[in-house]
Amino acid sequence: MVGIPLSLARKNKNVIWVVLFGLGFYFVNLVFIRQFLSAGTTVMSDRYSYVSYFGLIFILVYLAHWYWYESKSYHIAIQGLLVLICTILGYMCYQRTKVWHNPETFWKDVIAKSNNQSQLPYLNLGNYYADSAKYDKAYSPYVTLVKLHTDQADVYRNLGNIYGMRNQ
């Protein structure tokens, strides 16, 4: 009952079950996302992490609903909090769309956040540059992939083509 007043739990017996369901739903889904139990490689996708948040949001919505009908004095606070949350999330969403502008900005952002943990962003950025005939820009991601000991034959082929165009 962390963060939930005891008076609420005494007035509304369902709150205990709602909190248990919400936390249970959150932690059960988190087990698959964090790969404690593997359910396939696509589970690691970020889009699946939002499913677990349903449990926490369920608790918040239930509590807001209960307080809304408990007293009219909570209406302004709940509305203000809702406006604040929507404003913050809207701003964060807008800022994130700048990264999704094109493949170059997206993969550069992924590289900046991955700390060389994955070869995929370098491969996709290099291929984007190569497909766009920006071979000088494709050189750096391909060299990084070679340093990361990639087993992708296309990387070595494309890097060889870049060296050939440079007469090296």
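Criteria and cut-off values
- Within each chain, residues carry numbers counting from 1 in the order of the written sequence.
- Confidence filtering applies because this is a predicted model: local features only for residues at pLDDT of at least 70, side-chain atom pairs given and counted only at 80 or more, and all residues used for totals across whole chains, interfaces and linings.
- Processing note: side-chain calculations cover all non-hydrogen atoms of the structure and skip hydrogens and water entirely.
- Orientation is described by lines fitted to C-alpha atoms, with helices fitted over the stretch in contact, and by angles between N-to-C directions that extend from 0 to 180 degrees.
- Only DSSP runs of H or I covering at least 4 residues are called helices, and only runs of E covering at least 2 are called strands; the numbering of each starts at the N terminus.
- To sort the angles, those under 35 degrees are grouped as roughly parallel, those over 145 as roughly antiparallel, those from 65 to 115 as roughly perpendicular, and the leftovers as oblique.
- Contacts between residues were defined by any pair of non-hydrogen atoms, one from each residue, lying within 4.5 Å.
- Put simply, Ala, Val, Leu, Ile, Met, Phe, Trp, Tyr, Cys and Pro go in the nonpolar bin, Asp, Glu, Lys and Arg in the charged bin, and everything else, Gly too, in the polar bin.
- A pair of aromatic rings is counted whenever rings of Phe, Tyr or Trp (Trp by its six-membered ring) have centres within 6.5 Å, and the orientation is called stacked for planes under 30 degrees apart, edge-to-face for over 60 and tilted otherwise.
- Remark: exposure states derive from per-residue accessible area (1.4 Å probe, protein chains only) relative to the maximum for the residue type, with buried under 20%, exposed over 50%, and partly exposed in between.
- For the purposes of these results, a polar contact is taken to be a pair of N or O atoms within 3.5 Å, where, inside protein, one atom must be able to donate a hydrogen and its partner to accept one; residues adjacent in sequence count only when each atom of the pair is a side-chain atom.
- Salt bridge, as applied in this entry: a Lys or Arg side-chain nitrogen positioned within 4 Å of an Asp or Glu carboxyl oxygen.
- Cavity means a closed set of points on a 1 Å grid over the protein atoms alone, one where a 1.4 Å probe fits but cannot get out, pocket means an open set with protein on both sides within 12 Å along at least 5 of 7 lines, and lining means a residue has an atom within 4 Å of a point.
- Grid points are joined across faces, edges and corners, and a volume is the space filled by probe spheres set on the points.
- Here, the term nonpolar core denotes a set of buried Ala, Val, Leu, Ile, Met, Phe, Trp, Tyr and Cys residues that are joined through side-chain atoms within 4.5 Å.

Draft legend 1. Representation of the packing of helix α3 (residues 49–70) against helix α4 (residues 75–97). It is at 9 Å that the axes of α3 and α4 come closest, and there the two elements cross at 150 degrees. What the angle tells us is that α3 and α4 run roughly antiparallel. The segment α3 lies against α4, with A64, Y67 and W68 engaging H75, I78 and Q79. Class assignment for the residues of the contact of α3 with α4 results in 4 nonpolar, 2 polar and no charged.

Draft legend 2. Focus on the packing of aromatic side chains. Enumeration according to the criterion identifies 12 aromatic pairs in this entry. Ring plane angle 70 degrees and centroid distance 5.3 Å describe the contact between F25 and F54, whose orientation is recorded as edge-to-face. Taken as a pair, F25 in helix α2 (residues 14–33) and F54 in helix α3 lie far apart in primary sequence, 29 residues in all. Among the residues examined, F25 registers a relative accessible area of 26% and is labelled partly exposed. Relative accessible area serves as the criterion here: at 42%, F54 is assigned to the partly exposed category.

Draft legend 3. Up close: the side chain of N29. Tracing the backbone shows N29 in helix α2. Take N29: its relative accessible area is 19%, and that puts it in the buried class. A distance of 2.8 Å separates the side chain of N29 from the backbone oxygen of F25, its partner in a polar contact. Excluding anything up to four places from it in sequence, N29 contacts V51 and S52.

Draft legend 4. View of the pattern of salt bridges. Enumeration according to the criterion identifies 6 salt bridges in this entry. Close ionic contact of D109 with K113 constitutes a salt bridge, the shortest N to O distance being 3.4 Å. Note that D109 and K113 are positioned in helix α5 (residues 103–114) at a spacing of 4 residues, about one turn of the helix. Given a relative accessible area of 55%, K113 falls into the exposed group. Among the ionic contacts, a cluster of salt bridges with common partners joins R96, D109 and K113.

Draft legend 5. Summary view of unusual backbone geometry. Even without glycine at this site, A133 takes up a positive phi of about 60 degrees. Looking at the secondary structure, you find A133 in the loop between α6 (120–131) and α7 (135–147). Phi at H149 is positive, roughly 60 degrees, even though this residue is not glycine.

Draft legend 6. Here's a closer look at the layout of surface pockets. Roughly 480 Å³ of internal volume is contained in the second largest pocket. In terms of lining residues, the second largest pocket is bounded by 15 residues, among which L60, A64, I78, L81 and I85 are the most central. When contributions to the lining of the second largest pocket are tallied by element, the ones reaching two or more residues are α3 and α4.

Draft legend 7. How the structure looks around the environment of V15. Topologically, V15 is positioned in helix α2. Between the C-alpha atom of V15 and that of L63, which follows or precedes it by 48 residues, the distance is 7.9 Å.

Draft legend 8. Structural detail: the nonpolar core. L125, A138, Y142, L145 and V155 are the most contacted members of the largest nonpolar core, which totals 16 residues. Contributions of two or more residues to this core are made by α5, α6, α7 and α8 (153–165). If we ignore the near neighbours within four places in the chain, the residues touching Y142 are G126, N127, A130, V155, N158, L159 and I162. Grouped together as the second largest cluster of nonpolar side chains are 6 residues, V15, V18, V19 and Y62 included.

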